[in-house]
Amino acid sequence: MNSGTGTGTDTGTGPAAGRVLVVDDEKPLARMVATYLERAGYEVALTHTGPAAVQAARVHEPDVMVLDLGLPGLDGIEVCRRVRAFSECYVLMLTARGDEHHRLEGLAVGADDYITKPFSVRELVARVGAVMRRPRTTVSAPEPERVCGDLVIDLAAHEARVSGQVVQLTRTEFDLLAALSGRPHQAVSRRQMIDIVWDPAWVGDERLVDVHIKNLRRKLDADPARYIDTVRGVGYRMAEQ
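**Details of the overall build of the protein**
Then, number 1: Counting its secondary structure elements, the protein contains eight helices and twelve strands.
Then, number 2: Taking all 241 residues of the protein together, 52% fall into the buried category.
Then, number 3: Relative to all contacts within the protein whose residues are 6 or more apart in sequence, the contacts with residues 24 or more apart total 59%.
Then, number 4: In the structure as shown, the protein presents an accessible area of about 11200 Å², 50% of it carried by carbon and sulfur atoms.

**Here's the deal with the pairing of strand β5 (residues 113-117)**
Then, number 1: In terms of residue burial, β5 counts as a mostly covered element, since five of its five residues are buried.
Then, number 2: Examined bridge by bridge, strand β4 (residues 90-96) and β5 share five bridges and lie parallel to one another. Following the sheet pairing, methionine 93 is matched in β5 by tyrosine 114.

**Concerning the sheet that holds strand β7 (residues 151-154)**
Then, number 1: With respect to topology, four strands assemble into an open sheet ordered β6-β7-β8-β9, the strand pairing being antiparallel. The open sheet has two edge strands with one neighbour each: β6 (146-148) and β9 (165-167). Taken pair by pair, the neighbouring strands of this sheet meet at an average axis angle of 25 degrees, ignoring direction.
Then, number 2: Of the pairings in the sheet, the one linking strand β8 (residues 159-162) to β9 comprises three bridges and is antiparallel in character. In the sheet register, arginine 161 faces β9, and the bridge partner there is valine 166.
Then, number 3: Each of β6, β7 and β8 is contacted by helix α6 (residues 171-181), which is oriented at about 105 degrees to β7, the strand it contacts most.

**So, the sheet that holds strand β12 (residues 235-238)**
Then, number 1: Pairing within the open sheet is antiparallel, and its three strands lie in the order β10-β12-β11. Two strands close off the open sheet at either side, each with one partner strand: β10 (188-189) and β11 (228-231).
Then, number 2: Sheet topology note: the β11/β12 ladder contains four bridges and is antiparallel. When the bridges of β12 are listed, valine 231 appears paired with glycine 235.
Then, number 3: Against the sheet, α6 makes contact with β10, β11 and β12, and its axis sits at roughly 70 degrees relative to β12, the strand it touches most.
Then, number 4: Across the sheet, helix α8 (residues 207-220) touches β11 and β12, and the angle it forms with β11 is around 150 degrees.

**Comments concerning the side chain of aspartate 113**
Then, number 1: By secondary structure assignment, the location of aspartate 113 is in strand β5.
Then, number 2: According to the relative accessible area criterion, aspartate 113 is buried, its value standing at 2%.
Then, number 3: Within polar-contact distance, the side chain of aspartate 113 engages the side chain of arginine 127 at 3.2 Å.
Then, number 4: Apart from the residues lying within four places of it in its own chain, the contact partners of aspartate 113 are Val91, Leu92, Met93, Leu107, Arg127, Trp198, Trp202 and Leu208.

Reading the values: the criteria
Residues numbered from 1 in each chain as written. Predicted model: local features only at pLDDT ≥ 70, side-chain atom pairs only at ≥ 80, totals over all residues. Heavy atoms only, no water. Helix = DSSP H or I, 4+ residues; strand = E, 2+ residues; numbered from the N terminus. Buried < 20%, exposed > 50% of the residue type's maximum accessible area, 1.4 Å probe, protein only. Contact = heavy atoms within 4.5 Å. Areas by Shrake-Rupley, 256 points an atom, 1.4 Å probe, with all protein chains shown as cover. Pairing = 2+ DSSP bridges. Axes fitted to C-alpha atoms, helices over the stretch in contact; angles between N-to-C directions. Polar contact = N/O pair within 3.5 Å; in protein donor to acceptor, adjacent residues only side chain to side chain.

Spatial relationships are all this shows, so hold off on functional conclusions.
Set out below in structure tokens:
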């Protein structure tokens, strides 16, 4: 394991389970997280500042970035925003307990999940494993486009278009839209969406879904209920067009 921006060595005998970039200025904590991830079979790179994190994301092309919000140079929010300009890696934020404002801001700029400090390293490794089990593509074979009014969801291209214009969605936002559009007349609960988009073994605050849905609605249209209805006491469904 390297304490700079180098890559850790996979301790297993086969290929690495995936590439993880750990970004935290608390170096002992970062090293401990990296050690547990390496034991789980991941190839790990470490860095400790915001600017170095952006550069490391370009160089190492991680599958998952474990990103602390409180970083020197650039905070985690800005790191996530910049990384999202060139990478679709999953971003798991590390946030201070009660730091809800920054947590929501992080999800808004493209983070996929968060875990609150202090945390169990084993839980963090489990969260990384959960996102790594998510399929890289929504479908394995071409499927007709799904149409909801002037919203077109192209699963094969992993693309959403409104009135012919491509909408820039994160992978998680698109996967949620795909989950809802695949059940156009059904209410889908938060737990069902977590099972579909994250992992059935995922454990955490289910309000995470609400934040991603809010961001998705905002990107699709100024009217938050145009494409996605809230079903009180249940969850969400695609709106009738």
